[in-house]
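Geometric and topological summary
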Amino acid sequence: MTTGWLAVIDMQRVFAEPDSPWAAPRYAEAAAGVRRLLPAFAERVTFTRFVAPDKPVGAWQAYYAQWPFALQPPDAPLWRLTDEFADRAPHIMDATTFGKWTPELAHRTGPEGRLVLAGVSTDCCVLSTALAAADAGVETVVVADACAGADDDSHAKALDVMRLYGPLIRVVTADQLIGT
């Protein structure tokens, strides 16, 4: 069994459905990678959900002015985990921020823990979570083939940026992490 805590970032309908303005084109590939990882972590998995705040404040006001479709309550269909993960999520954590390195996730991971990241979007929520966790001193591992970006170029660039943070952040494949 693989050590650490797996955080599966935002595997939600809003990022999976092709007609969504926030669709990650390679969502299905990322989902396949996540499915490979789940058995290696058993109950040490947290699925996160990005949700809109009740009332955006600060810079989030301009963000939601650009994306008004997203101002829906947390129980709206677009925020649901996709069907393949809805029943496989032992822990679900909501956040109104891109980064999911919250006190709850920090508690689950532990101060000397290891955080393994997968999900979407590599160039937004995965990146934001990885940088914050690494800054907190947590060993952070990003599974490249279990992530998807807004597009292939953004995905690759985000992985390159995270590699710059080595050894605090390591970018690996699912095979490197759990074997075949």
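Below is a short write-up of the structure.

About the criteria used
- Residues numbered from 1 in each chain as written.
- Predicted model: local features only at pLDDT ≥ 70, side-chain atom pairs only at ≥ 80, totals over all residues.
- Heavy atoms only, no water.
- Helix = DSSP H or I, 4+ residues; strand = E, 2+ residues; numbered from the N terminus.
- Expected span 1.5 Å × (residues − 1).
- Contact = heavy atoms within 4.5 Å.
- Core = buried A, V, L, I, M, F, W, Y, C linked by side-chain atoms within 4.5 Å.
- Buried < 20%, exposed > 50% of the residue type's maximum accessible area, 1.4 Å probe, protein only.
- Pairing = 2+ DSSP bridges.
- Axes fitted to C-alpha atoms, helices over the stretch in contact; angles between N-to-C directions.
- Phe/Tyr/Trp six-rings, centres within 6.5 Å; stacked < 30°, edge-to-face > 60°.
- Salt bridge = Lys/Arg side-chain N within 4 Å of Asp/Glu carboxyl O.
- Polar contact = N/O pair within 3.5 Å; in protein donor to acceptor, adjacent residues only side chain to side chain.

Things to note about helix α7 (residues 152–163)
The end-to-end C-alpha distance of α7, which contains 12 residues, comes to 17 Å, matching closely the 16 Å that a straight helix rising 1.5 Å per residue would cover. Against α6 (122–135), β5 (139–148) and β6 (169–172) lie the buried residues of α7.

Regarding the nonpolar core
Counting residues in each nonpolar core, the largest one holds 39 residues, and the members touching the most others are L6, M11 and W79. For this core, the element with the highest residue contribution is helix α2 (residues 27–41), accounting for 8 residues. Discounting chain neighbours no more than four positions away, the residues touching L6 are L37, L38, F41, R44, V45, T46, V116 and A118. Counting residues in hydrophobic clusters, the runner-up holds 23 residues, among them L105, A130, M162 and V171.

Notes on the sheet that holds strand β4 (residues 114–120)
Taking strand neighbours across the sheet as the criterion, the 6 strands line up as β3-β2-β1-β4-β5-β6 in an open arrangement whose pairing is parallel. Two strands in the sheet have a free side with no partner beyond their single neighbour: β3 (92–95) and β6. With direction set aside, neighbouring strand axes in the sheet form an average angle of 25°. Here 4 bridges tie β5 to β6, and the two strands are oriented parallel to one another. Directly across from T140, in β6, lies its bridge partner I169. Strands β1 (5–9), β4, β5 and β6 of the sheet are contacted by α6, whose axis makes an angle of about 170° with β4.

Re the packing of aromatic side chains
What the rule picks out here adds up to 16 aromatic pairs. Their ring planes at 70° and their centres at 5.0 Å tell us that W22 and F69 sit as a pair that is edge-to-face. One end of the pair, W22, is in the loop between α1 (13–16) and α2; the other, F69, is in the loop between α3 (59–66) and α4 (83–86), and 47 residues separate them in sequence. The exposure class assigned to F69 is partly exposed, which follows from its relative accessible area of 27%. With centroids separated by 5.0 Å and ring planes inclined at 70°, the aromatic side chains of W60 and F98 adopt a geometry described as edge-to-face. Here W60, found in helix α3, pairs with F98, found in the loop between β3 and α5 (103–109); they are 38 residues apart in sequence, far enough to count as distant. The class for F98 is partly exposed, based on a relative accessible area of 23%. Cluster of aromatic residues (ring-pair linked, three or more members): F15, W22, F50, W60, Y63, Y64, W67, F69, W79 and F98.

Comments concerning the pattern of salt bridges
For the coordinates displayed, the defined rule picks out 12 salt bridges. Put simply, R49 and D94 hold a salt bridge, and the shortest N to O gap is 2.7 Å. In this pair, R49 sits in strand β2 (residues 45–50) while D94 sits in strand β3, placing the two residues 45 residues apart along the sequence. Take D94: its relative accessible area is 37%, and that puts it in the partly exposed class. In this structure, D160 and R163 form a salt bridge, with 3.0 Å as the shortest nitrogen-oxygen distance. Separated by 3 residues within a single helix, D160 and R163 lie in helix α7, roughly one turn from each other.

Here's the deal with the side chain of T109
Tracing the chain through its elements places T109 in helix α5. Judged by relative accessible area, which is 10%, T109 ranks as buried. Of the polar contacts made by the side chain of T109, one reaches the backbone oxygen of L105; its length is 2.9 Å. Once residues lying within four places of it in the same chain are set aside, the contact partners of T109 are W5, W101, R114, L115 and V138.

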